[in-house]
Every structure is written in C-alpha cells, then in structure tokens.
Amino acid sequence: MRKIEVSTSAIVFKDILELSVDDKMLMNKAIEAREKAYAPYSKFNVGAALLLENGEIVLGNNQESAAYPSGMCAERVAIWKAGSTYPGIKIKKLAITASSQISKVDKPVGPCGACRQTLSEYEINQKEPFSVLFMGELGEVVKTESLLSLLPFSFDSSYL
Ligand code: THU
C-alpha cells in the first residue's frame, strides 16, 4: 500500500482589473458571450471564450432546452465550435464567467465535471496545457495553468 498526494494550485486575482491585458481581453469576450446565453430555465448565464494559437477567439454560452437535459454548457458549446471549425488548432487559454438573472454571482464559477472531462481530451490531444480562468459576474478570478490540474485521476482514451 502507498499513499500519494495529488495537489493543484491556482492564482487568485482580486478582480478582473488585476488580470493582464490579454487575460482581461479574453474574459471580456467571455462576458460578451455570457450576455447572449439562452438560459430561460436556470436563469444562470455562462459564457466561455477560447483563445486559439492562430489568434482566433471562439465563444460559447449555455443553451438550455425545455427538455432540461438536452441543454448544453457554455464550455462545451465553445470547445465543440472550436473543434469543428478549427480542427487540430491548439487552444492557448479558456476564460469562463457566470452570472445569474436572480442574484449577483460574486465567487468564481469553475467548469462542471462533464465540461472538465470534455475539455481534458483536447488538452491531452494537443500535448500542451492551456490555462483556464474563471470568475462569477464580479469578484475574484481564478487562473490555473492547465485543464488537467482541475481533473486529477481523469479518464482518458488510454483506458479503452
Ligand atoms: N452551466 C454551464 O454552462 N457550465 C458549467 O460548467 C456549469 C453549468 C450551465 C448549464 C445550465 O444551463 C446552467 O449553467 C445551470 O446549471
């Protein structure tokens, strides 16, 4: 028997103003996307912005459905848009932001488990980590250096 330690780290910024110019620009794109979310049921808007190595910025937001489980998260809308439009082009950075139509979201909102799983496949395939920034509507912004740092003991194609 042996014990292993799995740890991760992140940088926490006081607010969006503390980000670098590039990170702030990408987060502002995520905010733009968030404002166009289709979230009439949860009233919880999420926006995602991906920066690709060719300089393109690909946006996504959550798209809900009256048949609730048929909806989709912002991050997967964005990553599949990137994967289908620019196959094989590496992702450099992902910015995520969430707001509520009911109350102020003032703490960072990380990607859900299913999104982490989906995103991890792209990071593994491109053999290069991409950073992930996430925030609520206001307040602190969390920045991690890779997607896999958010998903220890992940499942991948090597198990199949
Ligand atoms: N949502 C996302 O877009 N991304 C996440 O990582 C978590 C949740 C969306 C799905 C749903 O439309 C709403 O937020 C409430 O769960």
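Analysis parameters
- Residues numbered from 1 in each chain as written.
- Predicted model: local features only at pLDDT ≥ 70, side-chain atom pairs only at ≥ 80, totals over all residues.
- Heavy atoms only, no water.
- Pairing = 2+ DSSP bridges.
- Helix = DSSP H or I, 4+ residues; strand = E, 2+ residues; numbered from the N terminus.
- Axes fitted to C-alpha atoms, helices over the stretch in contact; angles between N-to-C directions.
- Salt bridge = Lys/Arg side-chain N within 4 Å of Asp/Glu carboxyl O.
- Buried < 20%, exposed > 50% of the residue type's maximum accessible area, 1.4 Å probe, protein only.
- Near = heavy atom within 4 Å.
- Polar contact = N/O pair within 3.5 Å; in protein donor to acceptor, adjacent residues only side chain to side chain.
- Areas by Shrake-Rupley, 256 points an atom, 1.4 Å probe, with all protein chains shown as cover.
- Nonpolar A, V, L, I, M, F, W, Y, C, P; charged D, E, K, R; others polar.
- Phe/Tyr/Trp six-rings, centres within 6.5 Å; stacked < 30°, edge-to-face > 60°.

Engineer: Give a description of the sheet that holds strand β3 (residues 57-61) that names residues and reports values.
Structural biologist: In a beta sheet, neighbouring strands pair by backbone hydrogen bonds and run either parallel or antiparallel. With mixed pairing, the 6 strands of this open sheet are ordered in space as β1-β6-β5-β4-β2-β3. Of all strands in the sheet, those bounded by a partner on one side alone are β1 (11-13) and β3. Strand-to-strand twist of the sheet, defined as the mean angle between neighbouring strand axes without regard to direction, takes the value 15°. Pairing of strand β4 (residues 91-100) with strand β5 (residues 131-135) involves 5 bridges; the strand directions are parallel. Among the inter-strand pairings, Ile 96 is bridged to a residue of β5, identified as Phe 134.

Engineer: Describe in detail the pattern of salt bridges, supporting the description with residues and values.
Structural biologist: Scanning all chains against the criterion turns up 7 salt bridges. Note that Glu 5 and Lys 3 form a salt bridge whose closest N and O atoms lie 3.7 Å from each other. Classification of Glu 5 as exposed rests on a relative accessible area of 67%. Residues Lys 143 and Asp 23 are paired through a salt bridge, measuring 2.8 Å at the closest nitrogen-oxygen approach. Here Asp 23 lies in helix α1 (residues 21-35) and Lys 143 lies in strand β6 (residues 141-144), a separation of 120 residues in the sequence.

Engineer: Help me get a handle on the pairing of β6, residues and values and all.
Structural biologist: By the alternation rule, side chains of β6 split into Val 141 and Lys 143 and Val 142 and Thr 144, which are all buried. Two elements, β1 and β6, share 3 bridges in a ladder whose sense is antiparallel. Considered in β6, the bridge of Phe 13 is made with Val 141. In this sheet, β6 lies alongside β5 in antiparallel orientation, the contact comprising 4 bridges. Looking across to β6, one finds that Leu 133 is bridged to Lys 143. With antiparallel pairing between neighbouring strands as the criterion, β5 and β6 make up a hairpin whose turn holds 5 residues, including Gly 139 at a positive phi of roughly 90°.

Engineer: Give me the lowdown on the site of the ligand, citing residues and values where you can.
Structural biologist: Ser 42, Phe 44, Val 46, Asn 62, Glu 64, Cys 73, Ala 74, Glu 75, Pro 111 and Cys 112 make up every residue found near the ligand. Ala 74 has a polar backbone atom sitting 2.9 Å from an oxygen atom of the ligand. Note that an oxygen atom of the ligand is positioned 2.9 Å from one of the backbone N or O atoms of Cys 112. If the ligand stood free it would expose 370 Å²; the protein chains cover 75% of that surface. Only β2 (44-52) and α2 (74-85) provide two or more residues apiece to the shell around the ligand. The residue makeup of the shell around the ligand, split by class, is 6 nonpolar, 2 polar and 2 charged.

Engineer: Could you give an account of the packing of aromatic side chains, naming the residues involved and the relevant values?
Structural biologist: For any pair of aromatic rings, geometry is given as the distance between the ring centres together with the angle between the planes. According to the stated counting rule, one finds 2 aromatic pairs in the structure shown. Centre to centre, the rings of Tyr 41 and Tyr 68 are 5.5 Å apart; their planes meet at 40°, and the pair counts as tilted. Separated by 27 residues along the polypeptide, Tyr 41 in the loop between α1 and β2 and Tyr 68 in the loop between β3 and α2 bring together distant segments of the chain. Judged by its relative accessible area of 38%, Tyr 41 is partly exposed. On the basis of relative accessibility, which here comes to 60%, the residue Tyr 68 falls in the exposed class. Between Phe 155 and Tyr 159, the ring centres sit 5.2 Å apart and the planes meet at 25°, which makes this aromatic pair stacked. Looking at Phe 155, the relative accessible area reads 45%, which means it is partly exposed.

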